[in-house]
Amino acid sequence: MDITSLVETIGNNIVQFQPTIQGVVSAVLTTLFLRKNTNISEFEKMKAGKYSEALDDLLENGKITYFELYKCQNFLKIAKIADEYHQEKQEEESKFFDFDWFMRFFDTAGNVSSEKMQRLWAKILSNEIENVGSFSLRAIETLKNMNQHEASLFQQMAHFVLTDSSDIKFLLSTDNDLGVNVNEKYGLTKADIITLEECGILNSLRNDNRISLDSNPCGIWSENILLILKLKNSDGGLFSYKYSGYSLTKAACQLLSIVDSEPNDEYLLDVGREFARKYSGNFIVKAHKVLDSSVDTFKYDSDLDLLL
């Protein structure tokens, strides 16, 4: 296949290749910069993975600009880090990829020169290759508009993300009687909440969630801890409690997978202690270690109450 035919093939919305970082890099750079009048030797260098050498030739011959070279160099650094992540995972079989997604990724990530931010983009690239569709274009746009400070704040916030019985991920509001004391203890402020709203991490409207307890218990959990709320006297009555929280946007839920942030188990235990302190006459509050929270399974250690 000649260069022109190759570019036309790669330029379709969907392209099939082995899911390796080299395949992605070669496809993107070939489509962008190897044109009909490109010397065959430059194509061979791309094919052999000699990207820097090929780009230097293209720059010398006036076929790319210095800005395009800058974006390519950043993209190659991100791809190198992504390759390190990808090598740690089991190799996948051939599959179809949305080539438009990779072109948008290059256009955005190519402007990132900070090594810390490049590592986040590398995780996106690696995860998307492993699981196609993991990140929407909106998720890319959300990270694109975050600076390093905001990304660090997002990573810190991830320690405190909770999930309710409707499977909605949220942060407790700093304005209600339950969240104010706990959030203050862990340094999560109203100013942080506002910043995360502006970044597109949190939905701007605060949700007033209501826990209605009858004979059935209710749960709030993190990755490692399940908090169970149960009525002390389940005689057919109903007890309702309202608390406020900010739900994560869909893009933020996708981006959670790229931040190195283990859940803060003590945070949720403190939330449980607040429930128990305020509503000791109404609730039985227990906390248990989560054993399995896969898609179709949720198991926890019911024998050990972590609040005792």
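Residues numbered from 1 in each chain as written. Predicted model: local features only at pLDDT ≥ 70, side-chain atom pairs only at ≥ 80, totals over all residues. Heavy atoms only, no water.

Student: Would you mind showing me how to read the packing of helix H6 (residues 99-109) against helix H7 (residues 115-130) here?
Tutor: For any two helices packed against each other, one specifies the crossing angle of their axes together with the interaxial distance. Between H6 and H7, the shortest axis-to-axis distance is 12 Å and the interhelical angle comes to 170°. By the angle class used here, H6 and H7 are roughly antiparallel. From H6, Trp101, Phe102, Phe105, Thr108 and Ala109 reach across to H7, where they touch Trp121, Ile124, Leu125, Glu128 and Ile129. In terms of residue class, the contact of H6 with H7 is made up of eight nonpolar, one polar and one charged. (Axes fitted to C-alpha atoms, helices over the stretch in contact; angles between N-to-C directions. Helix = DSSP H or I, 4+ residues; strand = E, 2+ residues; numbered from the N terminus. Parallel < 35°, antiparallel > 145°, perpendicular 65-115°, else oblique. Contact = heavy atoms within 4.5 Å. Nonpolar A, V, L, I, M, F, W, Y, C, P; charged D, E, K, R; others polar.)

Student: How should the pattern of salt bridges be read in this particular structure?
Tutor: Here the idea is simple: oppositely charged side chains can pair when their charged atoms come close. Overall, the coordinates contain eight salt bridges when judged by the stated rule. A salt bridge links Lys144 to Glu141; the shortest N-O distance between them is 3.6 Å. Of the two residues, Lys144 and Glu141 both sit in helix H8 (residues 137-144), three residues apart, roughly one turn of that helix. Looking at Glu141, the relative accessible area reads 31%, which means it is partly exposed. Measuring nitrogen to oxygen at the nearest pair gives 2.9 Å for the salt bridge that ties Glu266 to Arg273. Among the charged side chains, a salt-bridge network with shared partners connects Lys185, Glu266, Asp270 and Arg273. (Salt bridge = Lys/Arg side-chain N within 4 Å of Asp/Glu carboxyl O. Buried < 20%, exposed > 50% of the residue type's maximum accessible area, 1.4 Å probe, protein only.)

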